[in-house]
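Commentary on secondary and tertiary structure
Each chain is listed here by its residues.
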Amino acid sequence: MKKGIHPDYHEINIVMTDGTKYKTRSTWGKEGDTLKLEVDPHTHPAWTGVHRLMNTGGQLSKFQSRFKGLKIEG
């Protein structure tokens, strides 16, 4: 390995969404910093299997509202 080109690898603290804490090694932040997770395996649908669908007025809603009066004959 070349010297001086690799990031500092040090110990940091992780706080999960449920308050669980643990230590790990990372290149993020500085030695002893705390990383508070907003999404983790306890809350993310990919791991929990629970999916919440929210209608946030996305592109499909905009399209439907824009062209709701348009009649297409085929």
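Below you will find a few notes about this structure. The model shown is predicted, which means the values in this text are computed figures rather than measured ones.

**Here's the deal with the overall build of the chain**
When helices and strands are counted, the chain shows two helices and three strands. In the chain, the order of α-helices and β-strands from amino to carboxyl end is β-β-β-α-α. Counting contacts in the chain only where the partners sit at least 6 residues apart, residues at least 24 apart contribute 9% of the total. Accessible surface computed for the chain: about 7100 Å², of which carbon and sulfur atoms make up 54%.

**Some points on a nonpolar patch on the surface**
Side chains of L60, F63, F67, L70 and I72 sit close together on the surface and give an oily, nonpolar patch of about 580 Å² of accessible area. Summarising the element assignment, I72 is placed in the segment after α2 (59-66).

**Description of the pairing of strand β2 (residues 21-26)**
Residues in a regular strand point their side chains to alternate faces of the sheet. Strand direction decides the pairing type here: strand β1 (residues 10-15) and β2, joined by six bridges, are antiparallel. Within the sheet, the bridge partner assigned to N13 lies in β2 and is K23. Remark: five residues form the turn of the hairpin made by β1 and β2, two consecutive strands paired antiparallel; G19 in that turn has positive phi of roughly 95 degrees.

**Some words on the pairing of β1**
Relative to strand β3 (residues 34-36), β1 runs parallel, the two being bridged by three bridges. Bridge assignment links V15 to a residue of β3, and that residue is K36.

**Side note on the pattern of salt bridges**
All told, the structure shown has one salt bridge when counted by the stated rule. K23 is the salt-bridge partner of E11, the closest N and O atoms lying 3.9 Å from each other. A residue pair is termed long-range when its members are at least 10 positions apart, and E11 in strand β1 and K23 in strand β2 qualify at 12 residues. Residue E11 is classed as partly exposed on the basis of its relative accessible area, which comes to 33%.

**Overview of the side chain of H10**
With respect to the secondary-structure elements, H10 resides in strand β1. A polar side-chain atom of H10 sits 3.0 Å from a polar atom in the side chain of D8. If we ignore the near neighbours within four places in the chain, the residues touching H10 are T24, R25, S26, T27, W28, G29, K30 and E31.

**Focus on the environment of D40**
Among the secondary structure elements, D40 is positioned in the loop between β3 and α1 (45-48). Overall, D40 belongs to the buried group, its relative accessible area being 1%. For the pair formed by D40 and V15, sequence separation is 25 residues and the distance between their alpha carbons is 9.8 Å. Apart from the residues within four sequence positions on either side, D40 is in contact with M16, T17, D18 and W47.

Criteria and cut-off values
- Residues numbered from 1 in each chain as written.
- Predicted model: local features only at pLDDT ≥ 70, side-chain atom pairs only at ≥ 80, totals over all residues.
- Heavy atoms only, no water.
- Helix = DSSP H or I, 4+ residues; strand = E, 2+ residues; numbered from the N terminus.
- Contact = heavy atoms within 4.5 Å.
- Areas by Shrake-Rupley, 256 points an atom, 1.4 Å probe, with all protein chains shown as cover.
- Patch = residues over 30% accessible without salt bridge, like charges linked within 9 Å, V, L, I, M, F, W, Y side chains within 5 Å.
- Salt bridge = Lys/Arg side-chain N within 4 Å of Asp/Glu carboxyl O.
- Pairing = 2+ DSSP bridges.
- Buried < 20%, exposed > 50% of the residue type's maximum accessible area, 1.4 Å probe, protein only.
- Polar contact = N/O pair within 3.5 Å; in protein donor to acceptor, adjacent residues only side chain to side chain.

Just geometry here; none of it tells us what the structure is for.
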